[in-house]
Amino acid sequence: MLVGSPRSEMIEGWAHGSFVQIALEHKGRLRSVSIEALRVLSEDTNRIRQTRLQLCSAGAAEAVGKTLVDNLDRLMPLAESKRFGSEFDDPNGSLFKAVKDVHEALRALSNILEPPAKKSSKHSQSQGINPKEMLIKGCMDMVHSEGMDPLIWVSSLPLTPSPLSQSSLFVPDREDLAAEACKSLANLSPLLLSDLASSSGSAKWAISVFTSLNRMLETSGGGHSGDNPEALSSDLGVDALKGIGALAEYEPLKIRIVDQTLAKLLQLKTLSGDTGAVGDAANQVLLSLGFTEDEITVQVAGNDPKLLVDWFCLQRALLIQAMARVEIRAKVSAMWKTPLENCDVNMSTKLMNSGSSDPWSTSGENELFPNFTTDHDSSGFRETLLRQYQNVYQHDLVRYDSGYGIDHVIDGNKENGSLLSSHVYPLNHVMVERDWFLSHTQRMESIRVSESFSTSALMSKRIENLLDSCFPCSLLREEVIPIHQFTPEATFDFRALMMPQRQYFSFRREGQLLARLCEKQAVIDSVNVHWTLGFTNSTFGGEFVESLVQSLYLCPMITGLSFAKNSGLLGIGGDADSVDDDGSGLLANLAGSLPPWVSYLTFDNTLKDRDLKSLVSFLDTMGKLSLDSNTDESTNNNQTQGKYTCISIRNTPQILRETWSSFFKLLGRTGPSTWGPVSTPLASLKVLDLSGNKLGDEAAGMILELLHEKDSGCCVERLDLSGNRIGRGSMVIRALKSYIEYYRYDQLQGASTRNSWKSSLHTLNLAENDLFLGQVALEIFGFLQNNALSLAHLDLSNNGLEGDTYQLIAGSLPKNTALSHLNLSGNKFSLPLIDYILLHLTEANVESGLTFFLMENNNPELASPQQEKLSKFLLRTRKSAIERRLMGQSTDNEEVADLTDFAFDGVDAGDNMITVLFSAPLVFADDENYLHPFAKLDFDMERELLWQCMKEASRDIELSFDNAHHSRLLATLTKRCSCLHYSGHGHPSNFLPFEDGMGGPNWLNVQDIKELIVRDGVAPFKFVFVSACHSGLAGETFASAGVPHVVCCRQESELKDTAALAFTRSFYLALAVGQTVKESFEQGCKAVRATPNLKDPEKEMDKFVLLPKDGNHNVPVFRARPLPQWPKQPVSKMKNKRRAMMLNARNQRSVMGSARNTELSVRNMIQEDPAPFTPTFFLGREVDVYYVLTAILKMRKRLVSVLGEPGIGRSSLVCALCHYINERASTVTEIQHIYFIRQKHGGRNVTCRSLMRQLLDKIEEAGKSSPIDQDCDLETMLDVVCKSLKNDKALIVFDRMELLDQDDSEEFPMILSSLLYDTKQVKILLTAKHSLGQPSIGGQVEHPHHLGPLNFENTVKLFSNLCPHLYTPSERSLLRKRLVAGNEYADCFPGDDWIDESTKCIFAQLGNGIPSKIEKAAYNISPDDLMKL
């Protein structure tokens, strides 16, 4: 042993350098002694000598690596499962020596690379040594020595004894070697990924290191997830998790860890306890993976690895889509930049001077496409991610733009249990995602080097595959991403949320994830983003439809919905659906329940004949029900239920022709005109995709006849009939000929006629229809002359067209100015014919609008001169298109009208105002003064519904939300608000529970309400909506007080949520656009009757009542002018529309921020994000929330603590309390801001300083303080906090204080004392395991609230909500009924002595009332054990 002074002398004399040199230059005994000496020196942790850093500097890691390399062959017998040879019997043999040398080397390496303590690190820097640089040097030395391969090999040795363990001599076994190797890999992990090491090639080892650590985690923990992970060795597990946690910070490793290790991490975290070393280490990996928000990782996903992978993949998919948009932007630039530069000098100069010097720069504004999304918010992260992928994979052979099947070529067989395999391209496998990113990088590099003029809008196969998965309907894709047309106002912005393939019996938890993601993304996004939700290769059942609809109400930005079955997009290893009943019938019924903003529907290979019949029946019923009320044209335009902008029914050849005929009738009517209005539910449809259905000529002719009949009522603008076997097409020709002869004959002849009717159809896709069999294509080309057939987009690709008869193209196209896109790819035009066509098109006097002319994959291929001629032609036409656009804009200088200048005469300020009062008291007291909770109501959905109704109506109506407190009702009267909406609980005994401002109810009977609202004998409200069960008497009270129009529910009735939503949506939309109360009420009732997923809709409809029964309700309530956008925004008066549009695009982010602040005020909220979200199934804690709220507000306690064991629900309770307070800005005046401070399980540096840093950051974010130095001391931070909050009414929440270190836990009360002494009105709420234990802190006495387990009824309720084997409300209700209904122990707790053994047994099986254990029980229970309950 070297102790004390000898070590110092050796280091100062550079003896360690000599040991390193000997180990590098010699072998045998000399090296063994040197390595042992290095190991002994490496155990010196004296922070003055800095021995380990000195060893790194001297190259000790390289010496260790050489030792591993030279001894690798001798260690091979250790890998065998059986004993072979005599190596294990000879203590002086090579195996024994190699084991000793390698063990010493590994111990030295793990010591050398161990990160120094913080204090030691600071001391090193004071001595001029940079610890991080020295450790990185050690890592790079190890890599350069080629020691990584043997190190990884040693770590893979079995963790079982070898024959060496039977030796009488003490010698390390393979278990010891593997453990030391694991520790070394853990220390190497963060160093390999450092900037310096990764740029030199070290990062390429990261994947091998992860594979080794993950294998060790699996084998040491008992194998797969079904085994007992508690067998995991604590030290070994912590080391492996430590290394994986460091690797998880790197994006290329993150997806691998999510795919292969996430399930194990959740299991270790759960089973090892919240305070165990392994559990903390597993939690730290989860934090590194980005699962930092407890409402995501625990409360929403419920520790279900599949849901966590969904969350990860949804976010990663949005990032990939942003990269795709960058490539789309580059493609648009390649198509339009050169024509722009060739424009008239004055025009192009005007563009360049109005904005960025480079209108195509991704960092500047695109002046030709001013609204084109730039995705600036993610640009920095994308650059970092791509650089990391380059570092990790820079030496790999990558086949760019590869297909789906390449993964087995690159990566061998797919690992069992892959969590990514069910997800959609390119997230269906780590190697597919890898190739996507690297290919994207390569593409962007090629663009930077050179970018030439592009005639085609075709993207790479990789981008095409991605867009096909996001948009199965090509017409919808072209509308959102109009890359094949010149649309300068387009944003090209989309967000596609692609769900994994699986059996969906419910969408509750997935919907919560979507709501969180949408809310998070909405803060970043502009307003012109197309959001779509897609399901691929999935089946549906149970409560899927109901829960999906509820989720869509919480995500109003989602306007598109797609369901597809496409084996080409299956995840690797995914099985095709072989279930006959795949739930497609539910999808047909879904169309009747969707929110009005979901107007894009796609069914790709999902509907059967009976399903389309159901869809037709529903839409027809909706059309007939709304027909009576749609006599006025303006009214008809505002009816939205069951009406869509785009419907795509693709690849369903099994649907019968008769069913298609009934579907076509929904679009409009042909033939003789009929008297009176005709139901055409799909008259508003603009996009119709019927591709791949094999309709045949007759059905195709039928739909084209409908679209080209003036009085049909059909307004479809885009039609896709590709892949429908039209063949000879006699019926198609007949339909088009009839249109031309009746309406466009003079136009065809070149005669100018003012009364010529033109069909709305401007896009027609007839690709892949074997049109070579007939004359359809020739007839169409003939009709294109003089714009008789006024198409802008025509696709005739892959039809086998050939022959000299198509010389007609050369005669018709030069006489057409309307067509901008023509696709003739995949045909068989001869080269002389192509020369002939191009000759006529390129004549100088031809003014063609054809900006896209595709002849890709023609047989034979176009020759180079032909391609060059086509390129010049398109360059000319695109230049002309830009000039026409700019000339039109330069003359457009009229002022933009400001609608606020045109007020409606005679309209009082309060006439167009709605105040919504929500009543949600927490508890009520019975006759014996025992507290009972109120049932929770979903106000979020109702609030969002009303908001979207007003937004859709776009009328100048003021909508505000408030709490149902008697003072707020009086304030509503003072504002002279004409319309009141009350939402809350009703009561059969003629009471409405308002709030008392302290969490309790203020029971108002009908007489109280009457006395409050009647002034001078008159009720000021013109209209009242009582949204509550048993509200008949309350409604009669408002009516008897003089309110002329009251809507309520019958006194004896309870409303179904689905019925209430359907009624409220249709009623308010009709009322807002100016319909009478009676008409609006009838519209609401019809919406209830037509709801397909509602049992007994007639009975539900009859529950709604319009009072007074003999009143005159044939009057409108609102007289509000239309608005271009609701809520009302200031309108620019700039003279140049184009410049106003560009400024709007640039300033959109600040405008959105202002709008969000306005929305907070309207919604009666204190702030946007007061605390983490409350758990989805938070229940049974209403009384506890009430007690804590009472202590803060009523008892005016300034220091309150919620105490209990981890997992009891303390954090959830305080989160719920914060949100409850936040939603009552007008009534809870004692608190004006909430600061929520939380420490993470497994988080590093849980100190008082980190708490103050978090608090100070939040104070700075709220604008209460200026930023201060990040490295300032604790006293400085505390002083700034106290001064900033000195006179503020704030609530500070410190969550999980038991995680503080011992020293900091003693310092924490002093911090609280300063906060309480130096501020006047700040209140502090703590959660902890134990109370602070001090009589007084800052002059305040701690008020503790001890949190216990849930009672039996709430335990069963929470279990049923969380259990993944209970798919429907009826199944969950059945379990509750079986276990709780009639059970005298429903209100008992686990510790009660008087409960019977059966209840005790069930209690124990379900987690004994502890929420975290209930959650674990719900996810771990098997279907068989569930049935036994």
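Anything mentioned here points back to the structure above.
Figured I'd write up the structure that's included with this text.

What counts, and where the lines are drawn
Residues numbered from 1 in each chain as written. Predicted model: local features only at pLDDT ≥ 70, side-chain atom pairs only at ≥ 80, totals over all residues. Heavy atoms only, no water. Buried < 20%, exposed > 50% of the residue type's maximum accessible area, 1.4 Å probe, protein only. Helix = DSSP H or I, 4+ residues; strand = E, 2+ residues; numbered from the N terminus. Pairing = 2+ DSSP bridges. Axes fitted to C-alpha atoms, helices over the stretch in contact; angles between N-to-C directions. Disulfide = S-S within 2.5 Å. Patch = residues over 30% accessible without salt bridge, like charges linked within 9 Å, V, L, I, M, F, W, Y side chains within 5 Å. Areas by Shrake-Rupley, 256 points an atom, 1.4 Å probe, with all protein chains shown as cover. Salt bridge = Lys/Arg side-chain N within 4 Å of Asp/Glu carboxyl O. Lys, Arg positive; Asp, Glu negative; His and termini not counted. Charge placed at Lys NZ, Arg CZ, Asp CG, Glu CD. Core = buried A, V, L, I, M, F, W, Y, C linked by side-chain atoms within 4.5 Å. Contact = heavy atoms within 4.5 Å. Expected span 1.5 Å × (residues − 1). Parallel < 35°, antiparallel > 145°, perpendicular 65-115°, else oblique. Left-handed = near helix turned anticlockwise from the far one by under 90°. Nonpolar A, V, L, I, M, F, W, Y, C, P; charged D, E, K, R; others polar. Right-handed = clockwise from strand over helix to strand, strands pointing away. Phe/Tyr/Trp six-rings, centres within 6.5 Å; stacked < 30°, edge-to-face > 60°. Lys NZ or Arg CZ within 6 Å of the ring centre and 35° of its normal.

This brings us to helix α26 (residues 544-553). In terms of burial, α26 is a largely internal element, 8 of the 10 residues being buried. Where α26 is concerned, the buried positions are F544, V545, S547, L548, V549, S551, L552 and Y553.

Reading across the sheet, the 11 strands line up as β1-β3-β5-β6-β7-β8-β9-β10-β11-β12-β13 and stay open at both edges, with parallel pairing between neighbours. Sheet topology places β1 (494-499) and β13 (852-854) at the edges, where each strand pairs with a single neighbour. For this sheet, the mean inter-axis angle between neighbouring strands, taken without regard to orientation, is 5 degrees. As defined by bridge partners, β1 adjoins strand β3 (residues 530-536) across 6 bridges and the pair is classed as parallel. Residue pairing across strands places M498 opposite G534, the latter belonging to β3.

Turning next to the state of the cysteines. Taken as a whole, this structure holds 0 disulfides when the rule is applied. The thiol of C1218 is not disulfide-bonded; the next cysteine sulfur, from C1215, is found 6.6 Å away. A relative accessible area of 0% means that C1218 is categorised as buried.

This paragraph deals with a negative patch on the surface. A grouping of E519, E1168, D1169 and E1261 is seen on the molecular surface, where their side chains present a negatively charged patch. As for its placement among the helices and strands, D1169 is situated in the loop between α46 (1148-1162) and α47 (1182-1193).

What follows is about the nonpolar core. Counting 302 residues, the largest nonpolar core has L533, F535, L561 and F663 as its most contacted members. At 18 residues, helix α18 (residues 305-341) tops the list of elements feeding residues into this core. Ignoring any residue separated from it by four or fewer positions in sequence, one finds L533 in contact with L497, M499, F507, L514, L548, L552, I558, G560, L561 and S562. Membership of the second largest hydrophobic core comes to 35 residues, among which are L1251, V1281, C1282 and L1299.

Turning our eyes to something else, we now look at helix α25 (residues 508-522). Here α25 contains 15 residues, and its C-alpha end-to-end distance of 21 Å stays within 8% of the 21 Å for a straight helix at 1.5 Å per residue. In terms of burial, α25 is a largely internal element, 11 of the 15 residues being buried. All of the buried residues along α25 are R509, E510, G511, Q512, L513, L514, A515, R516, L517, C518 and Q521.

A large share of strand β27 (residues 1323-1328) lies buried, amounting to 6 of its 6 residues. Of the two faces of β27, the one carrying K1323, L1325 and T1327 and the one carrying I1324, L1326 and A1328 are both buried. In this sheet, β27 lies alongside strand β26 (residues 1290-1295) in parallel orientation, the contact comprising 4 bridges. If you follow I1292 over to β27, its bridge partner there is I1324.

Below, the discussion takes up the packing of helix α52 (residues 1352-1362) against helix α53 (residues 1369-1379). α53 packs onto α52 with a crossing angle of 155 degrees between their chain directions and a minimal axis gap of 9 Å. The pairing of α52 with α53 is recorded here as roughly antiparallel in orientation. Seen from above, α52 lies across α53 with right-handed handedness. From α52, F1352, V1356, K1357, F1359, S1360 and N1361 reach across to α53, where they touch R1372, L1375, R1376 and L1379. Its residues placed into classes, the contact of α52 with α53 shows 5 nonpolar, 2 polar and 3 charged.

Let's shift gears to the sheet that holds strand β22 (residues 1045-1049). Spatially, the 6 strands line up as an open sheet ordered β17-β14-β18-β21-β22-β23, and their pairing is mixed. Since the sheet does not close on itself, it has two edges, and those belong to β17 (958-963) and β23 (1104-1107), each with one partner. Averaged over all neighbouring strand pairs, the angle between strand axes comes to 15 degrees, with direction disregarded. Both strand β14 (residues 913-918) and β17 contribute to a ladder of 6 bridges, which runs parallel. Across the sheet, M913 pairs through a bridge with E958, a residue of β17. Docked against the sheet, helix α39 (residues 966-974) engages β14, β17 and β18 (979-983), running at close to 175 degrees with respect to β14. Sheet strands touched by helix α42 (residues 1057-1072): β14, β18, β21 (1023-1027), β22 and β23. Its angle to β21, the strand with the most contacts, is close to 165 degrees.

Further remarks concern the pairing of β26. Taken residue by residue, a regular strand's side chains alternate between the two faces of the sheet. Most of β26 sits out of view: 6 of its 6 residues are buried. Summarising the sheet, strand β25 (residues 1233-1238) and β26 pair through 6 bridges and their orientation is parallel. For I1234, the partnering residue across the bridge sits in β26 and is L1291. Each parallel crossover has a hand, and for β26 linked through helix α51 (residues 1302-1318) to β27 it is right-handed.

We now examine the packing of aromatic side chains. If you walk through the whole model with that rule in mind, you get 52 aromatic pairs. Both rings, one in Y504 and one in F544, keep their centres 5.9 Å apart while their planes meet at 50 degrees; by these two values the pair is tilted. With a gap of 40 residues between them, Y504 in strand β2 (residues 503-504) and F544 in helix α26 connect regions that are remote in the sequence. Assessed through its relative accessible area of 0%, F544 is described here as buried. Judged by centre distance (4.7 Å) and plane angle (35 degrees), the rings of F918 and F939 are tilted. Placement of F918 in strand β14 and of F939 in helix α38 (residues 939-953) is noted, with a sequence separation of 21 residues between them. Side by side, F918 and F939 carry an identical accessibility label, which is buried. Members of the aromatic cluster, each reached through a chain of ring pairs, are Y504, F507, F535, F540, F544, F563 and F603. One Lys or Arg, R325, reaches over the ring of F494 and ends 5.2 Å from the middle of that ring. Lying over the aromatic face of F852, R878 brings its terminal NZ or CZ to 4.5 Å of the ring centre.

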